[in-house]
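Descriptive analysis of the structure
Listed below, chain by chain, are the residues.
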Amino acid sequence: MTPHTCHKRRTVLQWIGGGITAGALTAWLPANAQTAARTSPDAAGRALPVASPRFAYVGTYTNNVPGSITSQGIYVFALKNDTWTQVQAVASENPSFLALHPSQRFLYAINEIDRYEGLPTGSAEAYAIDPNDGHLTLLNRQPLSLSGTGPAHLAVSPDGRYLVVALYGGGAYNVLPVDVDGTLGKVSGIRKEISCAPDKAQQELPHPHMVLFDPTGTRVLAADLGSNRLTVFELADGKLEVQARIATPPGSGPRHLVLHPSGHLLYVVNELGASVACYGYDAIGGRILEQRYRVSTVPKEFTGQKNAAALVIHPSGRYLYASNRKLESEHPLADSVVVYLTHATSGALAPLQYWNEGLSFPRALTMAPDGGHLYALSQKGDNILRLRIDPVSGLLDQPTQVAQVPKPVCLVFA
């Protein structure tokens, strides 16, 4: 970490008015917050052993995005002693989001496209993972439902039997069965959404943006930027049924979700409102409860267009990380990662740090399995930055570029 970065971090900590200062952190942290390397603290603060990942898979944009470097698709890296070595580049069309099968034998990708095989739809791909070198072999590719364009996110059910896809352009959700050999079956469930919100520029139609399984493994939490709402679906027999819904405040544009490890708190990053909100979650009843807290992803004096993107939570549940992407703004934190301290019981959020060094349109963030590092993917910078997470304070430092990848937008470890 350069002296300039050190100075910048101290300035931020002193500058946040009414937030939590470095000296007050201990009031929110358990006594055993310090954890050893290659362990992951759980919600109770216990250090649990975590296997080091052997491979990294990076999804990219291959077309319809600005940039001078052409991407091939999915990039595969072998990991050894914190060194990334590219071992494969798999041809794939706009594989903008990836998901790993629970067995870690298969990888799934959505192709963020508007036409496939001459029809207005996106597609999903299934790959087998070679356990020796991490290489991917395409198993099959399935079209999504008719008019199911622009898929934005996917999630594999904890039992490995289904793939759920959020269709941003198609305003719908799809369910695809997963066979025992990892291949994808044809779409078995279609949930078409109807509704919109006041922002006619970006909320003229429903725009499902993310899907997330809750601890039961049978419920799917979903964020819809276009309809400005959060939904709990029940997944049964390859179909989704609405169990509960809650509207987010006007102008929010919910984009991504994370559940606290305790399972009773749901955090949402709002793209349009550039904020992070905390909701209670009833895992037994499958209901999203009232909004408890809402904090900005940018400082008060921010000027220009706001645009929040990614959201990840530390394995301990103590720290939350969100990203901002630069659109029409010249503010130095337009491209940045904001660090929050979380309260395990109430879910309250306190901003601790804004990091902007080395970032260029950080569309995605990925947490290392042991919680020791945060990876920021710079879509317009064509690189992946690794930031050390201080085990006591949760603050970021020691930036290292681990890989150069054209237009990276998703990272999965295996």
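Scroll up to find the structure.
Residues numbered from 1 in each chain as written. Predicted model: local features only at pLDDT ≥ 70, side-chain atom pairs only at ≥ 80, totals over all residues. Heavy atoms only, no water.

**A word on the layout of surface pockets**
Volume-wise, the largest pocket comes out at about 1500 Å³. Elements with a minimum of two residues in the lining of the largest pocket: strand 6 (95–100), strand 10 (151–156), strand 14 (208–213), strand 18 (254–259), strand 22 (308–313), strand 26 (362–367) and strand 30 (408–413). Looking at the lining of the largest pocket, the element that brings in the most residues is strand 30, giving five residues. Tallied by class, residues from the lining of the largest pocket come to 34 nonpolar, eight polar and two charged. Size it by volume and the second largest pocket reaches roughly 500 Å³. Around the second largest pocket, the lining is made up of 21 residues, and of these Y61, N64, V65, E112 and R363 lie nearest the centre. Here the lining of the second largest pocket is composed, by residue class, of six nonpolar, seven polar and eight charged. (1 Å grid on protein atoms, 1.4 Å probe; cavity = no way out; pocket = protein on both sides within 12 Å on 5 of 7 lines; lining within 4 Å. Points joined across faces, edges and corners; volume = space filled by probe spheres on them. Helix = DSSP H or I, 4+ residues; strand = E, 2+ residues; numbered from the N terminus. Nonpolar A, V, L, I, M, F, W, Y, C, P; charged D, E, K, R; others polar.)

**Focus: the packing of aromatic side chains**
Considering all chains together, one arrives at five aromatic pairs under this definition. Each ring, one from F77 and one from W84, has its centre 5.5 Å from the other, and the planes form 55°; the classification is tilted. Like F77, the residue W84 is buried in the burial classification. Cluster of aromatic residues (ring-pair linked, three or more members): F77, W84, Y375 and F413. (Phe/Tyr/Trp six-rings, centres within 6.5 Å; stacked < 30°, edge-to-face > 60°. Buried < 20%, exposed > 50% of the residue type's maximum accessible area, 1.4 Å probe, protein only.)

**Describing the pattern of salt bridges**
In total, this model carries 14 salt bridges according to the counting rule given. One salt bridge in this structure joins R141 and E93, with 3.4 Å as the shortest N-O distance. Of this pair, R141 sits in strand 9 (residues 136–143) while E93 sits in the loop between strand 5 (83–91) and strand 6, placing them 48 residues apart in sequence. In this structure, E193 engages R245 in a salt bridge whose closest nitrogen and oxygen atoms are separated by 2.2 Å. (Salt bridge = Lys/Arg side-chain N within 4 Å of Asp/Glu carboxyl O.)

**As for the side chain of Q142**
Position of Q142 among the secondary structure elements: in strand 9. Side-chain polar atoms of Q142 contact the backbone oxygen of L184, separated by 3.0 Å. Q142 has contacts with Y116, S123, A124, L176, L184, G185 and K186, leaving out every residue within four places of it along the chain. (Polar contact = N/O pair within 3.5 Å; in protein donor to acceptor, adjacent residues only side chain to side chain. Contact = heavy atoms within 4.5 Å.)

**Regarding empty space enclosed by the protein**
All chains considered together, the criterion is met by one cavity of 30 Å³ or more. Of the volumes computed, that of the largest cavity is approximately 40 Å³. Lining of the largest cavity is provided by F97, A152, H209, R255, H256, R363, A364 and V409. By residue class, the composition of the lining of the largest cavity is four nonpolar, two polar and two charged.

Spatial relationships are all this shows, so hold off on functional conclusions.
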